[in-house]
Amino acid sequence: MKTNRFFGRDVVSINDFSRDELEFLFEKTNKMKELKPKEKDELGKARIMGYLFYEPSTRTRMSFEAAMASIGGSSIGISDLRSSSIEKGESLQDTVRVMDLYSDIIILRHQLDGSSKFAAEISDHPIINGGSGSEEHPTQAMLDLYTIIKEKKRIDGLKICILGDLKYGRTIYSLLYGLSNYDVEVILISPPTLKIRQESIYGLKNKMKIVELEEINETVFQNSDILYVTRIQKERFSDPQEYEKVKGVYTIDSTILKQFKPDISIMHPLPRIDEISQDVDNKSNAIYFKQASYGKDLRSALLALILNESPI
Ligand code: NCD
């Protein structure tokens, strides 16, 4: 049996994990499904997961909570800042220190890049980055890679098109870092003002083929195996007028879908605003809700691996 290198570890960036480690996690995610409820219960028994969400969340928080409950543990946390001492001006540092006293593991979402790294330095217990500014969202990318494997049986050799707000979308950066462990071709499509931040993908171009485009392109869709769509990150714009200019610039609907490779899989980290029309939801290509469901599976394996030396 391979050593569990996740035990006691922080998850700050997906860059900290090798392909081998990611695949170990995917294998354990599959394995979790075979466990009996009693066996699963042992993995988180009497353990507490603390969550600290400075920004809104639906899937990340709920799937982590559901994951912790599914392994027999419990959760405490802050997601409504107004009901906590953060409202009184308590610092991130002090809040993390206190949560560290009450929890065995902490999930943090915060508007600042570097927030999880900072928290990991303060906390004795492992920190999981649940989204740090527009920098990273590593567990989203882990579940995205897992979804691709589940759907396509492989990642190597795929053409993956990523469409949307590539400047501010943190899931995109973690996804690109994760994909760089594989032999893939990536096509990035965004309006000119929302192009990928070159400084954040420095070095990736040596590891994989990256093509950047400014418009939806039929040929690209005909050749892509995956279309990963993201929403425009309204809350990250300093100038609301800039948001108004790009709002609604792209929508994937069932008419455009006809131009795609028939077995293209459409992914989205969600929430979806207007970038994928609801008439796509019932097509077999639409896998974004399945993707969200894998979030709970993968996070329960991740929690089990971090909390136990030899879990499954
Ligand atoms: C994403 C996030 O918070 O970055 N949401 C999520 O966790 N699935 C994506 C987004 O908000 O657009």
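These numbers come from a predicted model, not from an experiment. (Residues numbered from 1 in each chain as written. Predicted model: local features only at pLDDT ≥ 70, side-chain atom pairs only at ≥ 80, totals over all residues. Heavy atoms only, no water.)

Quick word on the sheet that holds strand β4 (residues 127-132)
Then, number 1: Read from one edge of the open sheet, four strands run β2-β1-β3-β4, paired in parallel fashion. The outermost strands of the open sheet, each flanked by one partner alone, are β2 (74-78) and β4. Adjacent strand axes in the sheet meet at a mean angle of 15 degrees when their direction is disregarded.
Then, number 2: Relative to strand β3 (residues 105-110), strand β1 (residues 48-53) runs parallel, the two sharing five bridges. Directly across from L52, in β3, lies its bridge partner L108. (Pairing = 2+ DSSP bridges. Helix = DSSP H or I, 4+ residues; strand = E, 2+ residues; numbered from the N terminus. Axes fitted to C-alpha atoms, helices over the stretch in contact; angles between N-to-C directions.)

Side note on the domain arrangement of the protein chain
Then, number 1: Domains assigned within the protein chain are domain 1 (14-137 + 294-307) and domain 2 (138-292).
Then, number 2: Averaged C-alpha coordinates put domain 1 and domain 2 at centres separated by 25 Å.
Then, number 3: Across the contact, 33 residues belong to domain 1 and 29 residues belong to domain 2.
Then, number 4: By the criterion of area lost to domain 2, the three top residues of domain 1 are I14, H137 and Y294, representing 29% of everything that side buries.
Then, number 5: The interface formed by domain 1 and domain 2 holds three salt bridges in total.
Then, number 6: Linking R19 and D156 is a salt bridge whose minimum nitrogen-to-oxygen distance equals 2.8 Å.
Then, number 7: On the surface where domain 1 and domain 2 come into contact, there are 21 residue pairs in polar contact (both at pLDDT 80 or more).
Then, number 8: Element by element, the count of residues in the side of domain 1 that touches domain 2 is highest for helix α1 (residues 19-32), at seven residues. (Domains from an automatic or database assignment. Contact = heavy atoms within 4.5 Å. Buried area = accessible area lost by both parts, 1.4 Å probe. Salt bridge = Lys/Arg side-chain N within 4 Å of Asp/Glu carboxyl O. Polar contact = N/O pair within 3.5 Å; in protein donor to acceptor, adjacent residues only side chain to side chain.)

Let's talk about the site of the ligand
Then, number 1: Inspection of the region around the ligand gives T60, R109, H137, Q140, R170, T171, R231, Q233, P269, L270 and P271 as its neighbouring residues.
Then, number 2: Within the side chain of Q233, a nitrogen or oxygen atom sits 2.9 Å from an oxygen atom of the ligand.
Then, number 3: The protein chains hide 94% of the 320 Å² of surface that the ligand would expose on its own.
Then, number 4: Taken together, the residues of the shell around the ligand sort by class into three nonpolar, five polar and three charged.
Then, number 5: Split by domain, the residues of the shell around the ligand number at least three in each of domain 1 (14-137 + 294-307) and domain 2 (138-292). (Near = heavy atom within 4 Å. Areas by Shrake-Rupley, 256 points an atom, 1.4 Å probe, with all protein chains shown as cover. Nonpolar A, V, L, I, M, F, W, Y, C, P; charged D, E, K, R; others polar.)

Quick look at the packing of helix α3 (residues 59-70) against helix α11 (residues 288-307)
Then, number 1: One can describe the packing of α3 onto α11 by two numbers: an axis separation of 8 Å at closest approach and a directional angle of 55 degrees. In this view, α3 runs oblique relative to α11, as classed from their interaxial angle. For the crossing formed where α3 meets α11, the hand is right-handed. Where α3 abuts α11, its residues R59, T60, S63, F64, A66, A67, M68 and S70 lie against A292, G295, K296, R299, S300, L303 and L307.
Then, number 2: Across the contact of α3 with α11, the residue classes break down as seven nonpolar, five polar and three charged. (Parallel < 35°, antiparallel > 145°, perpendicular 65-115°, else oblique. Left-handed = near helix turned anticlockwise from the far one by under 90°.)

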